[in-house]
Amino acid sequence: MERIFRFIKQTLKWIVVVFFASTILSVVMLRWVPVWFTPLMFIRLAQQSADDKPLTLHHHWVPLEEISPSLPLAVMASEDARFLEHHGFDYKAIEQAAIRNMKHPEKTKHGASTISQQTAKNVFLWPGRSWWRKGLEVYFTTLIELCWSKQRIMEVYLNSIEMGEGIYGADAVAEYHFNTTAKGLTRQQCALIAASLPNPRRMNSARPSSYMLRRQQRILHEMRYVKPLPEEGQDR
């Protein structure tokens, strides 16, 4: 029996060592290597196959300097206004969301995920609300905030996030929704893309509803007050 416990202990120790070594190595490597595929892309392909739909995946990696500077502004205004100030977690937004959810439990729950958290989830994890997945999200968010610059986090976010049915990243949505490139996106188009992000499979930036157009106007207004993303190496 003692040998069995010793074997289990050694096995668990190596599992922990391998987990931390592999995840840290992955995060360090992706500091420079483009993210060509994400778990969500494969999940969506599997869902398309199960529903007998054509397999659709549009994704073109482009560096941050080839993306309209209005797009980082728009997503910060829409998703994470304090992106440049926090270190992965916006505790003020978390507190506000918790108070709002307690006051109105009958309404849709509000989240407070930062761009860093969404990037960690998109690149390393899968959709879900379990405590186990949330714990991993916290872990990977902490890692990328330690190992990546804010510019790199934004670059990966804008290249990997779902922006439509089978569409991932700024350049693909620019091509398929606006017939342009990520660099050629206008301020208005960027705000419209940001308006779709809460549910990009239902809110189509190419065919915006009246709700999306109102949301676009709010984002355009907020963009005036968001600090622009500095260039790599510059102070925040």
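Above this text is the structure in question.
Predicted model only: the values in this text are computed from it and were never measured.

A.B. asks: Explanation requested: the overall build of the protein in the structure shown.
C.D. replies: Secondary structure summary: the protein contains 10 helices and three strands in total. Seen in sequence order, the protein has helices and strands lined up from the N terminus as α-α-β-α-α-α-α-α-β-β-α-α-α. What you see for the protein is a C-alpha radius of gyration of 19 Å, in line with the 18 Å of a compact globule of 236 residues. Taken along its principal axes, the extent of the C-alpha atoms in the protein is 70 × 45 × 45 Å. By the burial criterion, 46% of the 236 residues in the protein qualify as buried. For the protein, long-range pairs separated by at least 24 residues make up 70% of all intrachain contacts whose partners lie at least 6 apart in sequence. Carbon and sulfur atoms form 60% of the exposed surface of the protein, whose accessible area is close to 13700 Å². Of the side chains in the protein, 30 bear a positive and 22 a negative charge, and the two mean positions are spaced by 7 Å.

A.B. asks: For this particular structure, what's the right way to read the side chain of Gln216?
C.D. replies: Along the chain, the position of Gln216 falls in helix H10 (residues 210-223). We classify Gln216 as buried; its relative accessible area is 9%.

A.B. asks: Would you take a moment to explain the packing of helix H9 (residues 187-196) against H10 for this structure?
C.D. replies: For any two helices packed against each other, one specifies the inter-axial angle together with the distance between the axes. Interaxial distance between H9 and H10 falls to 8 Å at its minimum, and their mutual angle equals 115°. Handedness of the H9/H10 crossing: right-handed. Mapping the contact onto sequence places Arg187, Gln188, Ala191, Leu192, Ala194, Ala195 and Ser196 in H9 and Met212, Leu213, Arg215, Gln216, Ile219, Leu220 and Met223 in H10. A breakdown of the residues in the contact of H9 with H10 according to their chemical character gives nine nonpolar, three polar and two charged.

A.B. asks: Which parts of the structure should I look at to understand the side chain of His177?
C.D. replies: Summarising the element assignment, His177 is placed in helix H8 (residues 170-178). Here His177 falls in the buried class, since its relative accessible area comes to 17%. Among the polar contacts listed, one links the side chain of His177 to the side chain of Asn204, at a separation of 3.5 Å. At a separation of 2.7 Å, a polar atom in the side chain of His177 contacts the side chain of Ser205. Beyond its immediate sequence surroundings of up to four residues, His177 is in contact with Met163, Ile167, Asn204, Ser205 and Ala206.

A.B. asks: Help me understand the pattern of salt bridges in this model?
C.D. replies: Within this structure, the stated rule accounts for nine salt bridges. Ionic pairing is found between Arg201 and Glu162, a salt bridge with its closest N-O pair at 3.9 Å. Linking Arg201 in the loop between H9 and H10 with Glu162 in strand E2 (residues 162-164), this pair joins segments that are 39 residues apart in sequence. Residue class for Glu162 comes out buried when judged on its relative accessible area of 9%. Taking the shortest distance from any N to any O, the salt bridge between Glu165 and Arg201 comes out at 3.6 Å. Remark: Arg201 occurs in the loop between H9 and H10 and Glu165 occurs in the loop between E2 and strand E3 (167-168); sequence separation between them is 36 residues. Residue Arg201 is classed as partly exposed on the basis of its relative accessible area of 37%.

A.B. asks: I keep staring at the packing of helix H3 (residues 70-79) against H9 and nothing clicks. Help me out?
C.D. replies: Packing of H3 against H9 leaves a shortest axis separation of 8 Å and a crossing angle of 40°. Between H3 and H9 lies a crossing of right-handed hand. Contact residues: H3 offers Ser70, Leu71, Leu73, Ala74, Val75, Ser78 and Glu79, while H9 offers Arg187, Cys190, Ala191, Ile193 and Ala194. Here the residues of the contact of H3 with H9 are counted per class, giving eight nonpolar, two polar and two charged.

A.B. asks: Would you take a moment to explain unusual backbone geometry for this structure?
C.D. replies: Working note: non-glycine residues mostly have negative phi, and peptide bonds are mostly trans. We note that Asp52 has phi near 60°; this positive angle belongs to a residue other than glycine. The class for Asp52 is exposed, based on a relative accessible area of 73%.

Reading the values: rules and limits
Throughout this document, residue positions are counted from 1 along each chain, in the order its sequence is written. The predicted origin of the model limits local features to residues at a pLDDT of at least 70 and limits the giving and counting of side-chain atom pairs to 80 or more, whereas totals for whole chains, interfaces and linings rest on all residues. Here the side-chain values reflect all heavy atoms present in the structure, with hydrogen atoms and water set aside. Secondary structure elements are taken from DSSP: a helix is a run of H or I of four residues or more, a strand is a run of E of two residues or more, and numbering for both begins at the N terminus. All radius of gyration figures rest on C-alpha atoms, and the globule criterion is 2.2 Å times the number of residues raised to 0.38. Exposure is judged per residue with a 1.4 Å probe applied to protein chains only, and the accessible area is read against the type maximum: over 50% gives exposed, under 20% gives buried, and values in between give partly exposed. In what follows, a contact means two residues having at least one pair of non-hydrogen atoms within 4.5 Å. Reported accessibility uses the Shrake-Rupley method at a 1.4 Å probe radius. Residues are deemed covered only where the shown protein chains occlude them. Note on charges: Lys and Arg go in the positive column, Asp and Glu in the negative column, and His and the chain ends are not counted at all. A charged residue contributes its charge at one atom only: NZ of Lys, CZ of Arg, CG of Asp or CD of Glu. Between N-to-C directions, angles cover 0 to 180 degrees, with each direction set by a line fitted to C-alpha atoms, over the stretch in contact for helices. The handedness criterion is simple: a crossing whose near helix is rotated anticlockwise from the far helix by less than a right angle is left-handed, and one whose near helix is rotated clockwise is right-handed. Charged residues are taken to be Asp, Glu, Lys and Arg, nonpolar residues to be Ala, Val, Leu, Ile, Met, Phe, Trp, Tyr, Cys and Pro, and polar residues to be all remaining types, Gly included. Think of a polar contact as two N or O atoms within 3.5 Å of one another; within protein, one of them needs to be a possible hydrogen donor and the other a possible acceptor, and neighboring residues in sequence only count if both atoms come from side chains. The term salt bridge refers to a pairing of a side-chain nitrogen on Lys or Arg with a carboxyl oxygen on Asp or Glu at a separation within 4 Å.

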